[in-house]
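The chain contents come next:
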Amino acid sequence: EAGVVQSPRYKIIEKKQPVAFWCNPISGHNTLYWYLQNLGQGPELLIRYENEEAVDDSQLPKDRFSAERLKGVDSTLKIQPAELGDSAVYLCASSSTGGSEQFFGPGTRLTVL
Amino acid sequence: GIQVEQSPPDLILQEGANSTLRCNFSDSVNNLQWFHQNPWGQLINLFYIPSGTKQNGRLSATTVATERYSLLYISSSQTTDSGVYFCAVRGGGFKTIFGAGTRLFVKA
């Protein structure tokens, strides 16, 4: 069974440019998470979806970050415009329900120049 | 929110040695996971262990929810065990909080 798929794996952009990350969760998993991981730290939750609904986006900087999961399967996280401080690894995870075991994708490493 | 503390922050072992990693949390949790982040950044599931004890090969984990801690045991360590070990907990509302991790280096 395929795991969580993310693309791209690496992205280098200049500041003020837009960027988007894509995630496809494990088949049948209703809950999808986006995390941010800064160097030397643990992942921090940005947003959690239950099917199509964003049920926890309290940590998402809404002035420049947006996310969607239109059909309740794959999801896109967007940053517009990107800032130097956005350089980090963006991780996607999924679980069958909101309280069950989470499985992570390989992440997208973003560098903003 | 829930605070998660992991110790030690860094650990260097000789191959073959045993070790214990600790995760303390400040409030009741619904579940707890241990992950190993390998040098390529992939988070690998080790244990899903809200309470009790589980074993998987050379690794085992124990969570004592009433005392708000979990332990990860690594026996007969190998160089491939190197990386960062994270504890992640979920409290009410299913908000997941990660600890800062324990960075393990196993020398050959």
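Now for a description of the structure that goes with this document. (Residues numbered from 1 in each chain as written. Chains lettered and ligands numbered in written order. Predicted model: local features only at pLDDT ≥ 70, side-chain atom pairs only at ≥ 80, totals over all residues. Heavy atoms only, no water.)

## What about the overall build of chain A?
- In terms of regular secondary structure, chain A is built from 0 helices and 11 strands.
- The linear arrangement of helices and strands in chain A, starting from the amino end, is β-β-β-β-β-β-β-β-β-β-β.
- For 113 residues, the compact-globule estimate of 2.2 N^0.38 gives 13 Å, and the C-alpha radius of gyration of chain A, at 13 Å, lies within 12% of that figure.
- Overall, chain A is about 35 × 25 × 25 Å in size when its C-alpha atoms are taken along their principal axes.
- In chain A, buried positions account for 46% of the 113 residues.
- Taking all contacts inside chain A whose residues are at least 6 apart in sequence as the whole, residues at least 24 apart take part in 53%.
- A total of about 5500 Å² of accessible surface is found on chain A, and carbon and sulfur atoms cover 49% of it. (Helix = DSSP H or I, 4+ residues; strand = E, 2+ residues; numbered from the N terminus. Rg over C-alpha atoms; globule rule 2.2 N^0.38 Å. Buried < 20%, exposed > 50% of the residue type's maximum accessible area, 1.4 Å probe, protein only. Contact = heavy atoms within 4.5 Å. Areas by Shrake-Rupley, 256 points an atom, 1.4 Å probe, with all protein chains shown as cover.)

## So, the overall build of chain B
- Of regular secondary structure, chain B possesses 0 helices and 11 strands.
- Listing every helix and strand of chain B by position from the N terminus yields β-β-β-β-β-β-β-β-β-β-β.
- Its C-alpha atoms give chain B a radius of gyration of 13 Å, within 12% of the compact-globule value 13 Å for 108 residues.
- When its C-alpha atoms are laid out on the principal axes, chain B stretches across 45 × 25 × 20 Å.
- For chain B, with 108 residues in total, the buried portion stands at 48%.

## Side note on the sheet that holds strand E7 (residues 65-68) of chain A
All names here are of chain A.
- With antiparallel pairing, the 4 strands of this open sheet are ordered in space as E1-E3-E8-E7. A single partner strand is all that each edge strand has here, and the edge strands are strand E1 (5-7) and E7. Looking at each pair of strands side by side, their axes are set apart by 15 degrees on average, direction ignored.
- Inspection of the sheet shows E7 paired to strand E8 (residues 75-79) by 4 bridges, in the antiparallel sense. Across the sheet, alanine 67 pairs through a bridge with leucine 77, a residue of E8. (Pairing = 2+ DSSP bridges. Axes fitted to C-alpha atoms, helices over the stretch in contact; angles between N-to-C directions.)

## Details of the interface of chain A and chain B
- Contact residues are listed per partner, giving 23 residues for chain A and 19 residues for chain B.
- Both sides of the chain A and chain B interface together cover about 1600 Å² of buried area, and 44% of this is carbon and sulfur.
- The tally of links from chain A across to chain B stands at 1 salt bridge.
- Between B:Lys95 and A:Asp56 there is a salt bridge, with the nearest N and O atoms lying 3.4 Å from each other.
- Listed by contribution, the elements that provide at least two residues to the side of chain A that touches chain B are strand E4 (31-37), strand E5 (44-50) and strand E10 (103-104) of chain A.
- Per-element tally for the side of chain A that touches chain B: the top contributor is E4(A), with 3 residues. (Buried area = accessible area lost by both parts, 1.4 Å probe. Salt bridge = Lys/Arg side-chain N within 4 Å of Asp/Glu carboxyl O.)

## Quick notes on the state of the cysteines
Residues and elements named next belong to chain A.
- Tallied over the entire structure, the rule returns 2 disulfides over all chains.
- At a sulfur-sulfur separation of 1.9 Å, the disulfide partner of cysteine 23 is cysteine 92. Disulfide cysteine 23 to cysteine 92: torsion about the S-S bond roughly -70 degrees, handedness left-handed. Pair noted here: cysteine 23 is in strand E3 (residues 19-24) and cysteine 92 is in strand E9 (residues 88-95), with a separation of 69 residues, a long-range link. (Disulfide = S-S within 2.5 Å.)

## Observations concerning the packing of aromatic side chains
- Under the counting rule described, the total for this entry stands at 9 aromatic pairs over all chains.
- Plain terms: the ring middles of B:Phe86 and B:Phe98 are 6.1 Å apart, the flat faces sit at 80 degrees to each other, and that makes the pair edge-to-face. Taken together, the residues B:Phe86 in strand E9 (residues 83-90) and B:Phe98 in strand E10 (residues 96-98) connect sequence positions 12 residues apart. In terms of burial, B:Phe86 and B:Phe98 fall into one category: buried.
- These aromatic residues form a ring-pair network of at least three members: A:Tyr33, A:Tyr35, A:Phe104, B:Phe35, B:Phe86 and B:Phe98. (Phe/Tyr/Trp six-rings, centres within 6.5 Å; stacked < 30°, edge-to-face > 60°.)

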